[in-house]
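# Geometric and topological summary
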Amino acid sequence: MTLMRTVHSIIDRTPDNILHEILLVDDFSDIEHVKDLQKELKELKKVKLLKTSKREGLIRARIFGADHATGEVLIFLDSHVEANQDWVQPLLDPIANDRTAVTIPIIDIIDPDTFKYTASPLVRGGFNWGMHFAWLQMPQSFFITENDKVNPIKSPTMAGGLFAIDRGYFSEIGKYDPGMDVWGGENLEISFRVWQCGGSMHIIPCSRVGHIFRKRRPYSSPNGEDTTSKNSLRVAHVWMDDYKEYFFQIRSDLRNASYGDISDRLALRKRLQCKSFKWYLDNIYPELTLPGKFKSHNAKAAQPMFGGRGTLKKVGKTQIRNEANGQCIEAQDMHKKGSAVLLGKCAANGKKQMWTVTELNELLLNDQLCLDAEKYPRLMKCTMLDGGQHWDHTGRARNRLYNAATGKCLSASSETSSSIIMAICNDKDSRQRWSMTVKLPQD
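What comes next is a walk through the structure. A quick note: this is a predicted structure, and the numbers were derived from the prediction, not measured. (Residues numbered from 1 in each chain as written. Predicted model: local features only at pLDDT ≥ 70, side-chain atom pairs only at ≥ 80, totals over all residues. Heavy atoms only, no water.)

### Overview of the overall build of the protein chain
Counting its secondary structure elements, the protein chain contains 10 helices and 24 strands. For a compact globule of 443 residues, the expected C-alpha radius of gyration is about 22 Å, and the protein chain comes in at 22 Å, within 12% of that figure. Reported as C-alpha extents along the three principal axes, the dimensions of the protein chain are approximately 65 × 50 × 45 Å. Across the protein chain, the fraction of contacts at a sequence separation of at least 24, relative to all contacts at a separation of at least 6, is 70%. Carbon together with sulfur atoms contributes 50% to the accessible area of the protein chain, which is approximately 21000 Å² in total. Computing the positive centroid from 61 side-chain charges and the negative centroid from 53, the protein chain places the two 4 Å apart. (Helix = DSSP H or I, 4+ residues; strand = E, 2+ residues; numbered from the N terminus. Rg over C-alpha atoms; globule rule 2.2 N^0.38 Å. Contact = heavy atoms within 4.5 Å. Areas by Shrake-Rupley, 256 points an atom, 1.4 Å probe, with all protein chains shown as cover. Lys, Arg positive; Asp, Glu negative; His and termini not counted. Charge placed at Lys NZ, Arg CZ, Asp CG, Glu CD.)

### Here's the deal with empty space enclosed by the protein
The final tally for this structure, using the stated rule, is 2 cavities of 30 Å³ or more. Its boundaries defined by the atoms lining it, the largest cavity holds a volume of some 50 Å³. Lining the largest cavity are Ile104, Pro105, Ile106, Ile107, Ser120, Pro121, Val123, Trp135, Ile203 and Ile424. In terms of residues, the lining of the largest cavity owes the most to one element, strand β5 (residues 101–110), which gives 4 residues. Across the lining of the largest cavity, the residue classes tally to 9 nonpolar, 1 polar and no charged. (1 Å grid on protein atoms, 1.4 Å probe; cavity = no way out; pocket = protein on both sides within 12 Å on 5 of 7 lines; lining within 4 Å. Points joined across faces, edges and corners; volume = space filled by probe spheres on them. Nonpolar A, V, L, I, M, F, W, Y, C, P; charged D, E, K, R; others polar.)

### Some remarks on the pairing of strand β1 (residues 22–26)
In regular strands, side chains alternate between the two faces of the sheet. Side chains Ile22, Leu24 and Asp26 project from β1 onto a buried face, and the interleaved Leu23 and Val25 project onto a face without burial. In the sheet, β1 pairs with strand β2 (residues 47–51) via 5 bridges, with the strands oriented parallel. Directly across from Leu23, in β2, lies its bridge partner Lys48. (Buried < 20%, exposed > 50% of the residue type's maximum accessible area, 1.4 Å probe, protein only. Pairing = 2+ DSSP bridges.)

### Side note on the sheet that holds strand β16 (residues 355–358)
Strand order in this open sheet of 5 strands is β12-β16-β17-β18-β19, and the pairing throughout is antiparallel. Both outer strands of the open sheet, β12 (314–318) and β19 (378–381), are each paired with one neighbouring strand and no more. Averaged over all neighbouring strand pairs, the angle between strand axes comes to 40°, with direction disregarded. Relative to β19, strand β18 (residues 369–372) runs antiparallel, the two sharing 4 bridges. Note that in β19 the partner of Leu371 across the bridge is Leu379. (Axes fitted to C-alpha atoms, helices over the stretch in contact; angles between N-to-C directions.)

### Examining the packing of helix α7 (residues 227–239) against helix α9 (residues 263–271)
Remark: α7 packs on α9, axes separated minimally by 10 Å, with the N-to-C direction vectors making an angle of 40°. With respect to each other, α7 and α9 are oriented oblique. Considering only the axes of α7 and α9, their crossing is right-handed. Contacts from Arg234, His237, Val238 and Trp239 of α7 reach α9 at Arg265, Leu266 and Arg269. (Parallel < 35°, antiparallel > 145°, perpendicular 65-115°, else oblique. Left-handed = near helix turned anticlockwise from the far one by under 90°.)

### Examining helix α6 (residues 186–196)
Buried residues dominate α6, accounting for 11 of its 11 residues. Gly198 lies just past α6 and shows a positive phi near 105°.

### Some thoughts on the state of the cysteines
Applying the stated criterion across every chain, the model contains 4 disulfides. Each sulfur in the disulfide pair Cys370 and Cys382 lies 2.1 Å from the other. Looking along the S-S bond of the Cys370-Cys382 disulfide, the torsion reads about 100°, which is the right-handed sense. Pair noted here: Cys370 is in strand β18 and Cys382 is in the loop between β19 and β20 (392–394), with a separation of 12 residues, a long-range link. For the pair shown, Cys370 and Cys382 are each scored as buried. Residue Cys409 pairs covalently with Cys425 via a disulfide, S to S 2.1 Å. (Disulfide = S-S within 2.5 Å.)

Worth remembering: the numbers are spatial, not functional.
This is the structure:
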């Protein structure tokens, strides 16, 4: 059971004089084996099981847990993690020196099928204008001295699941937004808020926590609502000022969507005398390109789907073969938007394996749909915008397929599986190496 693995790793790898308590939040679960948890936990000192009176969703459940905590520092963790050796001391040190510092461990990868533990490279958090979190690779120019590999790294955003924060400071800056539902967008909201309201956020290279990246989201909104979109709207309207228009350029369908009452959050921003979003972009995330500066931005008005792509230049056609297992990327249904892509036996004349490389660094199938990475690798309507459909070659041999919007590389999930995933880029991983007879344009 991954939850007990999480608990035991924390107890075993955290000095007793540092560990004050472990609070587990049961968000009104109806899973049968959760009922037996109390018996297992009785033998473990410092571990408490809390239960909400109704289903709150991840965001409000975290507030519930924080409200019951009594330690000086809160460390939020998912239930499916493994604390590594000496993980906690590096997280606490910056907070001891500055209570407004928020610290984030390096998130290593635990395979959901085999539980194999793989170290992640040094990356930091960013986002794109579709309001999706993205991992940012660290340029080699950042590592001038050996100390640069172990010193805290300023990060524009956090992935959200794992971080440490002074308990009093967490309360002072407004906890999480309780108007958000279930899951999604809360990581960007707290990231913007911390930076704009006088705090800071750091990746801690010497702290590592393994995380099981599950293949599917294990829960959903009880009424089927798209909570990520609603929550993203709350972020945009409270923290992004006029820059929210760039979000609406990409998500025009949300311009008139409901997002609830944000008066309390606007009052919080005013009370804390927070800086503008322009300040955040200028000082914390200057690398983020404005959509108006995208090379393909003016092409947005074209009709990109089903042949209506105007005079867009096509570089050539190619299969995309995985070097680990020799199979090629193909679509389950090359005519259906949202269709998953997977690996299949390479076929010389297979239409569902023949990808067109365009001058916008897209991978187009059957002149209809583009390979998109935003949620998971799938076919989507071509947007002709930089983002989830813009691919670049990276790696020493330029044989990895990197998507800047997600900050990850296209990868076979294993050497034997047909599944394709987005994974943190690793030049040594053969599952991320792809052979193409036609290469993507270099920017």
